[in-house]
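Below, each chain spelled out in residue letters.
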Number of protein chains: 2
Amino acid sequence: MFASISQIPLPENHHEFIPKGTQQILVPEPFTMKKGGLLPEFTIGYETWGKLNKDKSNVILLFTGLSPNAHAASNEKDSSKGWWEPMLGSGKSIDTDKYYVICINSLGSCFGSTGPASVNPETNKAWRLDFPELSIEDIASTAYLALQKLGIQHVNTVIGASMGGMTALAYSLLFPSSLDRLIVISTAANSLPFSIAIRSLQREMICKDLDWMDGYYPFDRETLCGMRMARKLGMASYRSAKEWEQRFGRKRVAAEKRQERNPFTSEFEIESYLEYNANKFTGHFDANSYLYLSRAIDWFDAHEYSKNNTLEDAFSESQLKQALVIGVETDILFPVHQQEAIANALKSNGIDVKYHGLPCVQGHDAFLVDYGRFCPTVGEFLQ
Amino acid sequence: MFASISQIPLPENHHEFIPKGTQQILVPEPFTMKKGGLLPEFTIGYETWGKLNKDKSNVILLFTGLSPNAHAASNEKDSSKGWWEPMLGSGKSIDTDKYYVICINSLGSCFGSTGPASVNPETNKAWRLDFPELSIEDIASTAYLALQKLGIQHVNTVIGASMGGMTALAYSLLFPSSLDRLIVISTAANSLPFSIAIRSLQREMICKDLDWMDGYYPFDRETLCGMRMARKLGMASYRSAKEWEQRFGRKRVAAEKRQERNPFTSEFEIESYLEYNANKFTGHFDANSYLYLSRAIDWFDAHEYSKNNTLEDAFSESQLKQALVIGVETDILFPVHQQEAIANALKSNGIDVKYHGLPCVQGHDAFLVDYGRFCPTVGEFLQ
């Protein structure tokens with residue numbers, strides 16, 4: 001039932017992306033994607049925490065944002081800290097003494113799930129841009145199928161933030177009878193044109209980079225300049241002007257400490273911070289995966305599930321018992337009115353909804369930083 | 001006293017940048033720049049409207065943002081529409097029946113003033129990156145010297161928006177006795193780290209473009225990809241998410257109408273809008289000029305004129321009689337609290353200040369679009 005990493009064909013050098021605790025499950029059946037493309041089979045990477053109870057009623061399914069892997073927190077297989085370490089674990093807000101948590105690496109990503117960097121079994125070459133057009137719904141559906149393979153038919157709570165929140169919404173729209181509760185954080189029913197503009201420009205930066213080689217860059221290339229710049233723009237949209245004002249102000253980097261020597265881009269601490277984060281990111285994320293996932297975010301629109309183009313109608317089939325919707329006032333990528341709209345749509349379908357518009361200063365990324373606010377909000381809901 | 005265009009040495013193909021109505025005045029004396037560099041001489045491009053009265057008391061000095069030229073409105077020499085056409089002219093808010101208006105092309109720009117694309121008279125080659133480090137104060141000082149050359153010692157009102165607002169502030173700080181009134185719009189006493197991050201990334205896009213050739217690109221090259229992307233990021237920071245939501249929503253461009261064929265960047269109308277604006281801009285602005293001016297905005301800090309690092313103290317020498325400070329609530333590049341800070345600093349020095357935080361939806365660029373709000377606000381002040 002479980003395929004080991006060694007059974008999954010991977011491009012040379014590519015396995016290094018996958019965290020050591022990530023398991024992979026092969027679903028050896030053809031999968032037709034929302035936009036019409038076909039995967040002859042697919043693999044989903046995932047990690048788990050806690051124990052599945054006898055009646056399988058304690059499953060939490062966690063979807064990630066665009067860039068994280070499935071290693072949300074330390075576990076038995078991998079003791080290194082995960083991207084949501086303070087949130088997830090024994091006695092924490094997502095309490096692994098109580099819940100069996102499964103974090104899914106999104107289809108299209110490069111951390112153990114099938115994506116543009118995986119080998120197409122029909123050609124024995126990496127998919128690259130021949131990978132079929134990817135949608136958020138495909139991420140939700142392949143996670144659902146992987147869970148079936150793992151013997152899990154029903155989920156207590158689906159959780160997702162950012163792109164993961166869209167995936168969680170898609171999951172609840174596609175499989176309304178397979179989950180009881182939903183937690184969506186800093187996400188939206190669809191992307192606004194400002195967010196599309198930012199992501200489109202990030203994709204253009206990658207595609208205009210000659211080293212991208214029209215998608216056929218060597219997988220062992222350490223860093224693409226386009227990816228570095230895309231990450232910098234990402235940082236500018238993930239954080240808030242207010243946080244940076246408090247944190248960096250107009251502080252300068254000492255000339256001898258500058259990582260980048262360009263006289264036009266290396267003087268202020270904020271520039272050094274962006275440079276540091278860009279360097280940390282690139283070389284650790286497949287550029288084509290980034291393009292596919294980024295575009296999937298732009299395409300997602302929960303209104304497609306409505307007959308009258310309202311969010312209220314889109315969720316009319318929902319069987320959710322409870323939902324928690326969290327937004328952050330300083331988020332410019334998924335502004336707080338978008339989370340309010342989700343909460344209102346669920347409420348108008350009679351669902352018990354808790355909504356929080358948090359006053360965190362860290363913008364879209366607050367769920368990864370402001371644990372003082374996020375942990376109790378999520379913890380109280382799950383208790 | 002007036003140098004004609006033909007007297008000013010210009011790089012081949014470069015004169016095409018200069019609007020046909022722009023006059024140029026040569027100041028044939030060495031100018032030491034704030035950061036220590038030296039110009040052996042310099043030229044300032046400018047346009048005028050209206051007539052200078054006998055006691056020379058009706059002069060309005062207009063500074064521009066980063067990218068506009070001195071052709072703010074149609075005039076006798078050039079009947080084409082200017083970048084502030086609805087604001088400036090006979091009977092308009094800046095009434096040229098009453099005022100003699102001089103619009104200055106900033107030092108460092110490429111529309112008739114000395115900048116990186118001009119010829120260094122000592123080498124007979126274009127300055128390019130050998131152009132000395134440029135500051136906002138240099139733009140203000142060279143404008144002041146050009147005005148002296150034109151026989152104008154005192155200015156009734158200095159007006160500037162965006163970077164032009166910084167130049168207007170610098171002018172009033174450097175030459176406090178040479179102006180009576182100040183109008184600053186959507187500007188700041190210094191740049192916040194979010195704005196620095198955006199501009200730094202724009203500069204990086206240009207510098208990482210191989211076609212920039214380390215600043216030695218041919219002047220007749222039609223377009224630099226880095227400049228195109230920098231302009232797109234500029235548009236995302238100049239406008240507001242709210243405006244784009246109302247204007248574009250999630251509308252798609254018909255496949256056959258797409259200007260760009262990249263499947264990752266060409267589907268939504270917002271992407272097409274950015275592409276259109278980027279193409280309109282590039283090839284019409286010198287890339288090195290852009291880099292110098294953009295960095296000058298990051299460097300400017302009115303607090304340098306204070307002994308105790310307060311804006312109030314910075315303006316303590318001010319002899320302004322009146323000031324009008326305008327901000328826009330949806331501006332993310334120069335947020336409205338920055339204009340409030342300017343207004344408060346001037347007020348606390350006993351200056352009669354009118355402050356308006358306008359509810360325009362167009363963000364930083366509102367002064368170029370929302371004339372319904374801006375024209376009466378400026379007009380009432382000048383009457």
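Worth saying up front: this structure is predicted, and the values here are computed from it rather than measured.

Enquirer: Kindly report on the packing of helix α4 (residues 225-238) of chain A against helix α3 (residues 193-207) of chain B, identifying the contributing residues and their values.
Expert: Axis angle and axis distance: for two packed helices, these are the angle between their axes and the distance between the axes, and together they describe the pair. Interhelical geometry of α4(A) versus α3(B) gives an angle of 165 degrees and a closest axis separation of 10 Å. Judged by the inter-axis angle, α4(A) sits roughly antiparallel to α3(B). Crossing geometry of α4(A) relative to α3(B) is assigned as left-handed. Facing α4(A), whose interface residues are A:Arg228, A:Met229, A:Lys232, A:Leu233 and A:Ala236, α3(B) presents B:Phe194, B:Ile198, B:Leu201, B:Glu204 and B:Met205. Here the contact of α4(A) with α3(B) is built from residues that sort into seven nonpolar, no polar and three charged.

Enquirer: Before we move on, can you summarise the pairing of strand β14 (residues 352-358) of chain A with the specific residues and values?
Expert: For a regular strand, side-chain orientation follows a simple rule: the groups alternate between the two sheet faces. All names here are of chain A. As paired elements, strand β13 (residues 322-328) and β14 share seven bridges and run parallel to each other. Opposite Ile326, over in β14, you have His356 as the bridge partner. Tracing the backbone out of β13, into helix α9 (residues 336-347) and back to the parallel element β14 gives a crossover that is right-handed.

Enquirer: Explain the relation of the copies chain A and chain B to me, and be specific about the residues and the numbers.
Expert: Superposing chain A onto chain B takes a rotation of 180 degrees combined with a translation of 0.0 Å along the rotation axis, leaving an RMSD of 0.0 Å. On the angle and the small slide along the axis, the relation comes out as a two-fold axis.

Enquirer: Kindly report on the pattern of salt bridges, identifying the contributing residues and their values.
Expert: In the structure shown here, the tally under the stated rule is 38 salt bridges over all chains. Where B:Glu204 meets A:Arg228, a salt bridge forms, and the shortest distance between an N and an O atom there is 3.4 Å. Pair noted here: B:Glu204 is in helix α3 and A:Arg228 is in helix α4, and the two residues belong to different chains. Note on accessibility: B:Glu204 and A:Arg228 belong to one class, buried. Salt-bridge contacts for B:Glu204 lead to B:Lys208; the nearest nitrogen and oxygen are separated by 2.8 Å. On the accessibility criterion, B:Glu204 (2% relative accessible area) is buried. Connected via shared salt-bridge partners are A:Glu204, A:Lys208, B:Arg228, B:Lys232 and B:Glu275.

Enquirer: Lay out the sheet that holds β14(A) in plain terms, naming residues and giving numbers.
Expert: All names here are of chain A. The mixed open sheet is built from eight strands, whose spatial order is β1-β4-β8-β5-β11-β12-β13-β14. Two strands in the sheet have a free side with no partner beyond their single neighbour: β1 (23-27) and β14. Averaged over neighbouring strand pairs, the angle between their axes works out to 20 degrees when direction is ignored. In this sheet, strand β4 (residues 42-49) lies alongside β1 in antiparallel orientation, the contact comprising five bridges.

Enquirer: I'd like a description of the packing of aromatic side chains, backed by residues and values.
Expert: Residue and element names in this part refer to chain A. For the structure on display, the rule yields 38 aromatic pairs over all chains. Look at Phe17 and Phe111: their rings are 6.3 Å apart centre to centre, the planes differ by 85 degrees, and that puts the pair in the edge-to-face class. A residue pair is termed long-range when its members are at least 10 positions apart, and Phe17 in the segment before β1 and Phe111 in the loop between β8 (100-104) and β9 (119-120) qualify at 94 residues. A cation over a ring is seen here: Lys35 above Trp299, with NZ or CZ 3.8 Å from the ring centre. Its guanidinium or amino end placed over the ring of Phe281, Arg231 lies 4.2 Å from that ring's centre, counting from NZ or CZ.

Enquirer: Break down the environment of A:Pro30 for me, with residues and values.
Expert: Residue and element names in this part refer to chain A. For Pro30, the position within the fold is in the loop between β1 and β2 (31-32). For the pair formed by Pro30 and Lys20, sequence separation is ten residues and the distance between their alpha carbons is 27 Å. Discounting chain neighbours no more than four positions away, the residues touching Pro30 are Leu38, Leu39 and Pro40.

Enquirer: Explain the environment of B:Ala236 to me, and be specific about the residues and the numbers.
Expert: With respect to the helices, strands and loops of the structure, B:Ala236 is situated in helix α4 (residues 225-238). When the C-alpha positions of B:Ala236 and B:Ala323 are compared, they lie 30 Å apart, and in sequence the two are 87 residues distant. Other than its neighbours up to four places away in sequence, B:Ala236 contacts A:Phe194, A:Ile198, B:Trp244 and B:Ile332.

Enquirer: Describe the nonpolar core, naming the residues involved and giving the relevant values.
Expert: In this structure, A:Tyr171, A:Leu182, A:Trp244, A:Leu346, B:Leu182, B:Trp244 and B:Leu346 are the most contacted members of the largest nonpolar core, which totals 198 residues. Non-local contacts of B:Leu346, meaning those with residues more than four positions away in its chain, are made with B:Leu182, B:Phe315, B:Leu320, B:Ala323, B:Val325, B:Ile351 and B:Val353.

Enquirer: Describe the interface of chain A and chain B, naming the residues involved and giving the relevant values.
Expert: Counting residues at the interface gives 50 residues for chain A and 50 residues for chain B. Approximately 4200 Å² of surface area, both sides summed, lies buried where chain A meets chain B, with 67% of it carried by carbon and sulfur atoms. When the area that chain A buries against chain B is broken down by residue, the three leading residues are A:Pro193, A:Arg250 and A:Phe264, summing to 19%. Notably, a salt bridge pairs B:Asp301 with A:Arg250, separated by 3.2 Å at the nearest N-O pair. The tally of links between chain A and chain B comes to 24 residue pairs in polar contact (both at pLDDT 80 or more). For the side of chain A that touches chain B, the secondary structure elements donating two or more residues are α3 (193-207), α4, α5 (241-247), α6 (269-281) and α7 (287-299) of chain A. If one sorts the elements of the side of chain A that touches chain B by residue count, α3(A) sits on top with eleven residues.

Reading the values: rules and limits
By convention here, each chain's residues receive numbers from 1 onward along its written sequence. Each chain gets a letter, beginning with A, and each ligand a number, beginning with 1, in the order they are written. Where totals are concerned, whole chains, interfaces and linings use all residues; where local detail is concerned, this predicted model gives features only for residues with pLDDT of at least 70, and gives and counts side-chain atom pairs only at 80 or more. Processing note: side-chain calculations cover all non-hydrogen atoms of the structure and skip hydrogens and water entirely. Angular values range over 0 to 180 degrees, each being the angle between N-to-C directions of two axes fitted as lines to C-alpha atoms, with helices fitted over their stretch in contact. Each helix is a run of H or I in the DSSP string that is no shorter than four residues. Each strand is a run of E no shorter than two, and both are numbered from the N terminus. Should an angle fall under 35 degrees it is called roughly parallel, over 145 degrees roughly antiparallel, and 65 to 115 degrees roughly perpendicular, with every other angle called oblique. Helix crossings are classified by the rotation of the near helix relative to the far one: an anticlockwise turn of less than a right angle makes the crossing left-handed, while a clockwise turn makes it right-handed. Any two residues whose heavy atoms approach within 4.5 Å at even a single point are treated as in contact. The residue classification treats Ala, Val, Leu, Ile, Met, Phe, Trp, Tyr, Cys and Pro as nonpolar and Asp, Glu, Lys and Arg as charged. All others, Gly included, are polar. Only strands that DSSP links by at least two bridges are regarded as paired with each other. If you view a crossover with the strands going away from you and the path from the first strand over the helix to the second runs clockwise, you call it right-handed. Least squares is the method for superposing the copies, and the C-alpha atoms it fits come from residues with pLDDT of at least 70 in both. When a carboxyl oxygen of Asp or Glu lies within 4 Å of a side-chain nitrogen of Lys or Arg, that pair is called a salt bridge. In this scheme, a residue with accessible area under 20% of its type's maximum is buried, one over 50% is exposed, and one in between is partly exposed, where area comes from a 1.4 Å probe on protein chains only. Pairs were defined over the aromatic rings of Phe, Tyr and Trp, the Trp ring being its six-membered one, requiring ring centres within 6.5 Å. Orientation was assigned from the angle between planes: stacked under 30 degrees, edge-to-face over 60, tilted for the rest. Counting as a charge over the ring demands two things of the Lys NZ or Arg CZ atom: a distance within 6 Å of the ring centre and an angle within 35 degrees of the ring normal. Working definition of a nonpolar core: buried Ala, Val, Leu, Ile, Met, Phe, Trp, Tyr and Cys residues. They are joined through side-chain atoms within 4.5 Å. As a working definition, buried area equals the accessible area (1.4 Å probe) given up by two parts on being put together, with both sides summed. Think of a polar contact as two N or O atoms within 3.5 Å of one another; within protein, one of them needs to be a possible hydrogen donor and the other a possible acceptor, and neighboring residues in sequence only count if both atoms come from side chains.

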